[in-house]
Amino acid sequence: MFLSGFLNNYRDIEIPIEDITQAYTSWVQEDRYMILERLKPTWDSPKASTMFEKETIAVKSAKRGNDVYSQRVLTRFRMFENLLTDLNLTYFDRGKMRTQVLFITLTYDTKLRSQHQAWKTLSKFYNLFMSNIRRVFGSISTVRTWESFENGYPHVHAVLLFNDFSFVVREITNEKGRKVLVIDDDLKDCISAKWHSWIDVKGVGNVSESISYLKKYISKCANFDATDSKGIKTLAQCWAYRKRAYSLAGIFRQRMSDLINHMQNSNSKTSQLTLENEKLEENKWSCLGFVSIEVLQIEPFIWHLSLSGELRNRVYDDLQEQENKTFD
């Protein structure tokens, strides 16, 4: 009830970034485990009839910013990275270097709206920005992630692959002494005019490198225990506004979808048979509920635990107590 109540309040009223961060920190540091149970088939002897025994396990729940969540997000993104090794979208044409890929950062002017309204309208304005860009340049594939500034206001990092357009780029050394690719000022102004605040636009010489650069932001904002102050604020704001760690669109999303479908199709389904060669019904897991790590009395690095005896009874008692409180 705490989580849903807090989220509802935060979406409706202004709450200081310190309070939202404190609430998120309290939530993410409370490790909880999902309790699953099924009837598991057993055989006492080759001629015995099929028997069943109860199997109960505890599985650590993924919560935005904890170790389970971080591994899932980064594993999936690494899978996506590996799909891009064949993309070479930078080339020379008539002595000029051209690229079909840009790396952009969209900021949010603090004078336009409150921090609350900035996060609340961020997705709407980003989608409007991309719609306007596509009207000018045609089909565009994207990889996008959010990040919070120290002041709590959001900004967007995105890799844009222009399927029907390429930009002439030239290499310069920026104020930090780094070599970057820039596009023509007219085209940069055209893109910048589609966004309401300051925008940074860079050309991309290597798609894989730009995705790796984007992964730096995603990684920093995936693990609560390993991030900095700005990363915690990003996790807290994305938690409050239910924003995904990253999103894919266009060819990027299609490649990831194809990979997932291939993996699913390659794992052919098999059926378990009894010793009498009869098909055994699938033993589906049922979720009994969730318990805190204090009930299990285990270390947080344990993600999976079989329950039996006194420990299983203690879990049952806690679940029953939760149910009683619900109906009180």
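Residues numbered from 1 in each chain as written. Predicted model: local features only at pLDDT ≥ 70, side-chain atom pairs only at ≥ 80, totals over all residues. Heavy atoms only, no water.

With respect to the nonpolar core
What counts, and what does not: Think of a nonpolar core as a cluster: buried Ala, Val, Leu, Ile, Met, Phe, Trp, Tyr and Cys residues, connected wherever their side-chain atoms sit within 4.5 Å. Burial classes: relative accessible area under 20% of the type maximum marks a residue as buried, over 50% as exposed, and values in between as partly exposed (1.4 Å probe, protein chains only). Each helix is a run of H or I in the DSSP string that is no shorter than four residues. Each strand is a run of E no shorter than two, and both are numbered from the N terminus. Contact definition: two residues touch when any of their heavy atoms are within 4.5 Å.
Counting residues in each nonpolar core, the largest one holds 42 residues, and the members touching the most others are Tyr24, Leu102, Ile104, Leu106, Phe129, Phe162 and Ile191. The leading source of residues in this core is helix α4 (residues 115-137), at 9 residues. In contact with Leu102, other than residues within four places in its own chain, are Ala158, Val159, Leu160, Phe162, Phe167, Ile183, Ile191, Val201, Lys202, Gly203 and Val204. Formed by 24 residues, the second largest nonpolar core is a distinct cluster that contains Leu74, Val204, Ile211 and Phe252.

A few points about the pattern of salt bridges
We apply this condition: The term salt bridge refers to a pairing of a side-chain nitrogen on Lys or Arg with a carboxyl oxygen on Asp or Glu at a separation within 4 Å.
Under the counting rule described, the total for this entry stands at 11 salt bridges. Linking Lys111 and Asp109 is a salt bridge whose minimum nitrogen-to-oxygen distance equals 3.6 Å. When its relative accessible area of 26% is taken as the criterion, Asp109 is described as partly exposed. Of the charged contacts, one joins Lys325 and Glu321 as a salt bridge, the two residues approaching to 3.7 Å between their closest N and O atoms. One end of the pair is Lys325 and the other is Glu321, both in helix α10 (residues 309-327) and 4 residues apart, which spans about a single turn. Of the residues examined, Lys325 reaches a relative accessible area of 57% and is grouped as exposed. Since its relative accessible area comes to 43%, Glu321 is described here as partly exposed. One salt-bridge network, in which partners are shared between bridges, spans Asp31, Lys60 and Asp67.

Here's the deal with the state of the cysteines
A covalent bond between the sulfur atoms of two cysteines is what we call a disulfide. As a reminder of what qualifies: We call a pair of cysteine sulfur atoms a disulfide whenever their separation is within 2.5 Å.
The final tally for this structure, using the stated rule, is 0 disulfides. No disulfide involves Cys221; its nearest neighbouring cysteine sulfur is the one of Cys238, lying 7.2 Å away. Owing to a relative accessible area of 9%, Cys221 belongs among the buried residues under this scheme.

Quick look at the pairing of strand β10 (residues 199-203)
To keep it simple, the criterion reads: Here, any two strands with at least 2 DSSP bridges between them count as paired.
Of all 5 residues making up β10, 4 are buried, and the element is well covered by its neighbours. Direction of pairing for strand β5 (residues 101-106) relative to β10: antiparallel, over a ladder of 5 bridges. For Leu106, the partnering residue across the bridge sits in β10 and is Ile199.

A short note on the environment of Lys188
For Lys188, the position within the fold is in helix α5 (residues 185-192). For the pair Lys188 and Ile199, spaced 11 residues apart in the sequence, the C-alpha separation amounts to 9.3 Å. Residues in contact with Lys188, not counting those within four places in the same chain, are Ile183 and Val201.

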